[in-house]
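Remarks on the overall topology
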Amino acid sequence: MTVRLYDSKAQALRDFVPLREGRVGMYVCGPTVQSSPHIGHLRSALVYDIMRRWFAYRGNDVVFVRNVTDIDDKILQVAVDEGASDTWWALAYRVELEFTAAYNSLGILAPSYEPRATASVQQMQELIARLIERGHAYPAPDDSGDVYFDTASWPAYGELTRQSRDKMEAAADADPRGKRDPRDFALWKGRKPSEPESATWRSPWGDGRPGWHIECSAMAARYLGAEFDLHGGGLDLRFPHHENELAQSTAAGDGFARYWVHNGLVNIGGQKMSKSLGNSVFAAELFALASPLAVRYLLGQAHYRSTLDYAPASLLEAEAAVDRIRVFLERVERRLAGTRFAGVGAPVVPEAFEAAMDDDLGVPQALAVLHDTVRAGNQALDAEELHEAATAHGQVVAMVQVLGIDPRDPHWSAAEQGPAAAALDVLVRRLIDDRQAARESKDYAAADRIRAELTAAGITIEDSQTGTHWSLGS
């Protein structure tokens, strides 16, 4: 079956056919490193991590590019607010490290390339020069050093978001004094006296720095070529950022992205998350409430194009879901150890899982297949149908690896899950040891009481030949 994705530009599901068979080039807009990562950043990064993993499972070599916007109006303003305008780059690097740590905690694969905007200024200037030469850009006549994209020169402007140029609002990314039209957007921004010299590059049009939109166009072409397979990002980037990327790249003569994919946003308790409402949920808050594995499960379980409505209680449900998977895998591996069924069950996803993922990355339906397989595998194990249990084990392993939620992966160890998980493990194991001591001394009433206390706390214990094992839930 062919992978089908919803193309935002076509506004339709399309068969995904890469430029080169067996190779997929993906460009995803990464963070503007002005402040700490929040739940929306994590959700977006996770969507494209799962998409990348699925392309790879389907036999493709994936070249994945995610940029870092490390020079921008907002970064400079935050540096000014912190009284450190001359060292804006230190702020950018500090926040970049926060993003990297959050991505690593969630098990998001490192990009093939992760270019910083400041390292591709030459390529941006070359792209701007091509646009001027083709008549689609112009330097401001006021000697400010600004350069603008001439939206009136490009009839296709607005095609990504299906907007008429006549109905568009003015571009608010630069002072309009040097613009031919308020809707023209900045490609290059001349240096202002209030801005640090360290945030300035020489150019044919005057000292300054690149506009936001030109950064991604130049970096995508530099690392993936003039035409590539897929451009992704959050729904909030469709306009003006992605619309402007598409216009300037195609006006310069590049084919640019053949598919445009956008992930949905995050609501907090039914409200849109925004700085003005003060309801942002940051990565550090999530990791303080639950294990990174549970956070990954929660943020990845909704369909990527839907709005994800977050509530802290949903993290408990995610913890229980991943624990059910963990318990099943451990049960099978303990029971089959030393039997002829050990190792039986190739790690291949079921057909229903494959169909769901091929159909516009249908993770909710794929998770339903995963949990159905876990239930069937547990039933087979209870009935001593070991071959069926082994087969289910192999299927579950394949599915959790594709989704990046394999609880056996050392990445999700108790140490990485934080002190709360480690402390819980110590306390539960102490009670398990007390229970074992009571059983050995034939104090069965005490042993039963300890088990009942654990059960009341939502902890399930299972006795086997290899010892007693515990888990949250059943």
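The structure under discussion appears in the preceding block.
Predicted model, so just to flag it, every value in this text is computed and none were measured.

**Notes on the packing of aromatic side chains**
When we look at a pair of aromatic rings, we describe it by the centre distance and by the angle of the planes. Taken as a whole and judged by the stated rule, the model has 12 aromatic pairs. Aromatic pair Trp 54 and Tyr 57: ring centres 5.2 Å apart, planes at 15 degrees, arrangement stacked. With Trp 54 and Tyr 57 both in helix α1 (residues 39-57) and 3 residues apart, this pair spans about one turn of that helix. Exposure remark for Trp 54: the relative accessible area of 1% places this residue in the buried category. With 5.0 Å between their ring centres and 15 degrees between their planes, Phe 149 and Phe 185 make a pair best called stacked.

**Section: helix α2 (residues 73-81)**
Note that an α-helix has 3.6 residues per turn; residues three or four places apart therefore point the same way. Taken residue by residue, α2 has Ile 75, Leu 76 and Ala 79 as its buried positions. For α2, the arc enclosing every buried residue in end-on projection is 95 degrees, short of the 170-degree limit, so these residues lie on one face. Away from its buried face, by an angle of more than 90 degrees, α2 presents the exposed residues Lys 74 and Asp 81. Looking at the packing, one finds that the buried side of α2 touches α3 (88-105) and β8 (208-210). Capping the start of α2, Asp 72 holds a side-chain oxygen 2.8 Å from the backbone nitrogen of Lys 74, two or three residues further along. Just beyond α2, the residue with positive phi is Gly 83, at close to 70 degrees.

**Let's talk about the state of the cysteines**
Two cysteines joined by a covalent bond between their sulfur atoms form a disulfide. Enumeration according to the criterion identifies 0 disulfides in this entry. Between Cys 29, a cysteine without a disulfide, and Cys 216, which holds the nearest cysteine sulfur, the sulfur-to-sulfur distance is 3.8 Å. Look at Cys 29 and you get buried, because its relative accessible area is 11%.

**Examining the pairing of strand β7 (residues 185-190)**
Within β7, 6 of the 6 residues are buried, leaving the element largely enclosed by the surrounding structure. Looking at chain direction, strand β6 (residues 147-149) and β7 are connected through 3 bridges and run antiparallel. Looking at the pairing, Tyr 148 lines up with Ala 186 of β7. Across 3 bridges, β7 lies against β8 in antiparallel orientation. Looking at β8, one finds that Lys 189 is bridged to Arg 209.

**Some points on the pattern of salt bridges**
All told, the structure shown has 30 salt bridges when counted by the stated rule. A salt bridge links Glu 333 to Arg 408, with the shortest nitrogen-to-oxygen separation between them at 3.0 Å. With Glu 333 in helix α9 (residues 313-336) and Arg 408 in the loop between α12 (386-403) and α13 (414-417), the pair connects residues that are 75 residues apart, well separated along the chain. According to the relative accessible area criterion, Glu 333 is partly exposed, its value standing at 33%. Judged by relative accessible area, which is 35%, Arg 408 ranks as partly exposed.

**Focus on helix α4 (residues 121-133)**
Helix length check: α4 (13 residues) gives 18 Å between terminal C-alpha atoms against 18 Å at 1.5 Å per residue, within 8%. Of the positions making up α4, those classed as buried are Val 121, Met 124, Gln 125, Leu 127, Ile 128 and Leu 131. Down the axis of α4, the sector holding all buried residues measures 160 degrees, keeping them to one side. Exposed residues pointing more than 90 degrees away from the buried face of α4 are listed as Gln 122 and Glu 133. Elements that come into contact with the buried residues of α4 comprise β5 (137-139), β6, β7, β8, α5 (212-224) and α6 (238-251). After α4 finishes, the residue Gly 135 shows a positive phi value of roughly 85 degrees.

**A short note on the side chain of Arg 53**
Note on placement: Arg 53 falls in helix α1. A polar contact is formed between the side chain of Arg 53 and the backbone oxygen of Gly 107, at a distance of 2.9 Å.

**Considering the side chain of Arg 209**
Within the secondary structure layout, Arg 209 lies in strand β8. You can call Arg 209 buried: its relative accessible area is 2%. A distance of 2.6 Å separates a polar atom in the side chain of Arg 209 from a polar atom in the side chain of Asp 73. In this structure the side chain of Arg 209 is engaged in a polar contact, spanning 2.9 Å, whose partner is the side chain of Glu 195. Discounting residues that sit within four places of it in the chain, Arg 209 has contacts with Ile 71, Asp 72, Asp 73, Leu 76, Trp 188, Lys 189, Glu 195, Ala 199 and Trp 201.

Rules used in this analysis
Residues numbered from 1 in each chain as written. Predicted model: local features only at pLDDT ≥ 70, side-chain atom pairs only at ≥ 80, totals over all residues. Heavy atoms only, no water. Phe/Tyr/Trp six-rings, centres within 6.5 Å; stacked < 30°, edge-to-face > 60°. Helix = DSSP H or I, 4+ residues; strand = E, 2+ residues; numbered from the N terminus. Buried < 20%, exposed > 50% of the residue type's maximum accessible area, 1.4 Å probe, protein only. Arc of directions from axis to C-beta. Contact = heavy atoms within 4.5 Å. Polar contact = N/O pair within 3.5 Å; in protein donor to acceptor, adjacent residues only side chain to side chain. Disulfide = S-S within 2.5 Å. Pairing = 2+ DSSP bridges. Salt bridge = Lys/Arg side-chain N within 4 Å of Asp/Glu carboxyl O. Expected span 1.5 Å × (residues − 1).

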